Amino acid sequence: MFVLGLTGGIGCGKSTVSAHLATLGARILDGDRVARDVVQPGELGLARIVARFGTEMLLPDGQLDRPRLGQLVFADDAARLDLNRLLHPLILDRLRTGVRQARQDAVTVCVLDVPLLLEMAGLAAECDAVWTVECAPSTQLSRLVARNGLTQEAAAARVAAQWSAERRIAAAMAVLDNNGTLAELHSRIAHLWQQLPH
Ligand code: ATP
């Protein structure tokens, strides 16, 4: 099985790329979804958040107040690093379980679609290749504002909380430029896909 790490700038198009890779036959492990799963009520991740940041991070129904946590951690680097330290090991565990399952299912290409793939210690080394999806900062910000309803400032803070595009590009084996149309993106994906051993 070929393990493909897919990362990129927030809002640059990872989910769009992984949706297309799924149509080509890849198994997709969605890092955002795993990150949400580990903070469901009853999960260790949520208990860790409450222990570190207090019960004010919970909604009345016991779910995580994600906007509130987001406001805190994107305004406070120390809090964000703490959150990552508490949750990343849980996320890594689940992703590794997903990879093992994919091997058992005789999947040929397993994609780890993870926004912080390069930032998460050890994960890139477990991939056979890493692709990064990038677009111009102005496109990235306008997609984030349009899709997530963030202000320009909030969107910029989220971009600043990731590695820079330059750093991702230096670490990745291939870059998917997503400044053009979806059709152009699909043809770039097809080109890279053909080069994978599958
Ligand atoms: P996040 O890091 O927040 O999970 P992402 O990198 O997965 O984001 P997507 O959700 O795939 O990004 O894309 C962000 C938005 O931009 C979506 O609304 C998507 O439909 C749109 N988009 C992606 N690529 C293109 C494109 N080439 N042309 C127009 N819109 C696009």
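Residues numbered from 1 in each chain as written. Predicted model: local features only at pLDDT ≥ 70, side-chain atom pairs only at ≥ 80, totals over all residues. Heavy atoms only, no water.

Engineer: Just checking my understanding: could you explain helix 3 (residues 44-53) for this structure?
Structural biologist: An α-helix turns once every 3.6 residues. As a result, residues three or four positions apart point the same way. Buried within helix 3 are the following residues: Gly 45, Leu 46, Ile 49 and Phe 53. Along helix 3, the residues classed as buried sweep out an arc of 100° about the axis, all on the same side. Residues of helix 3 that are buried in the fold lie against helix 4 (66-73) and helix 5 (77-104). (Buried < 20%, exposed > 50% of the residue type's maximum accessible area, 1.4 Å probe, protein only. Helix = DSSP H or I, 4+ residues; strand = E, 2+ residues; numbered from the N terminus. Arc of directions from axis to C-beta. Contact = heavy atoms within 4.5 Å.)

Engineer: I tried to follow unusual backbone geometry on my own but got confused; where do I start?
Structural biologist: What is expected of a backbone is that most residues other than glycine have negative phi and most peptide bonds are trans. Here the phi dihedral of Ala 106 falls at roughly 60°; this positive angle occurs in a residue that is not glycine. By the secondary structure assignment, Ala 106 is in the loop between helix 5 and strand 3 (109-113). The exposure class of Ala 106 is exposed, given its relative accessible area of 62%.

Engineer: What's the story with the pattern of salt bridges in this structure? I'm lost.
Structural biologist: Side-chain pairs of opposite charge can arise where the charged atoms are in close proximity. Within the structure shown, the criterion is met by 7 salt bridges. Note that Asp 82 and Arg 52 form a salt bridge whose closest N and O atoms lie 2.6 Å from each other. Taken as a pair, Asp 82 in helix 5 and Arg 52 in helix 3 lie far apart in primary sequence, 30 residues in all. Ionic contacts of the salt-bridge type, sharing partners, join the residues Arg 52, Asp 82 and Arg 85 into one network. (Salt bridge = Lys/Arg side-chain N within 4 Å of Asp/Glu carboxyl O.)

Engineer: Got a minute to help me understand the site of the ligand in this structure?
Structural biologist: Taken together, 15 residues sit near the ligand, with Lys 14, Ser 15, Thr 16, Arg 147 and Asn 178 positioned nearest. Within the backbone of Gly 11, one N or O atom sits 3.1 Å away from an oxygen atom of the ligand. In isolation the ligand exposes 630 Å². Once the protein is present, 75% of that is buried. Ranked by the residues each element gives to the shell around the ligand, the list is headed by helix 1 (residues 14-23), at 3 residues. (Near = heavy atom within 4 Å. Polar contact = N/O pair within 3.5 Å; in protein donor to acceptor, adjacent residues only side chain to side chain. Areas by Shrake-Rupley, 256 points an atom, 1.4 Å probe, with all protein chains shown as cover.)

Engineer: Would you mind showing me how to read the pairing of strand 1 (residues 2-8) here?
Structural biologist: For a regular strand, the rule is simple: side chains alternate between the two faces of the sheet. Of all 7 residues in strand 1, 7 are buried, a share of seventy percent or more. Strand direction decides the pairing type here: strand 1 and strand 3, joined by 5 bridges, are parallel. Within strand 3, the residue paired with Gly 5 across the bridge is Leu 112. Judged from the 5 bridges that link them, strand 1 and strand 4 (residues 129-134) form a sheet pairing that is parallel. Within the sheet, the bridge partner assigned to Gly 8 lies in strand 4 and is Val 133. (Pairing = 2+ DSSP bridges.)

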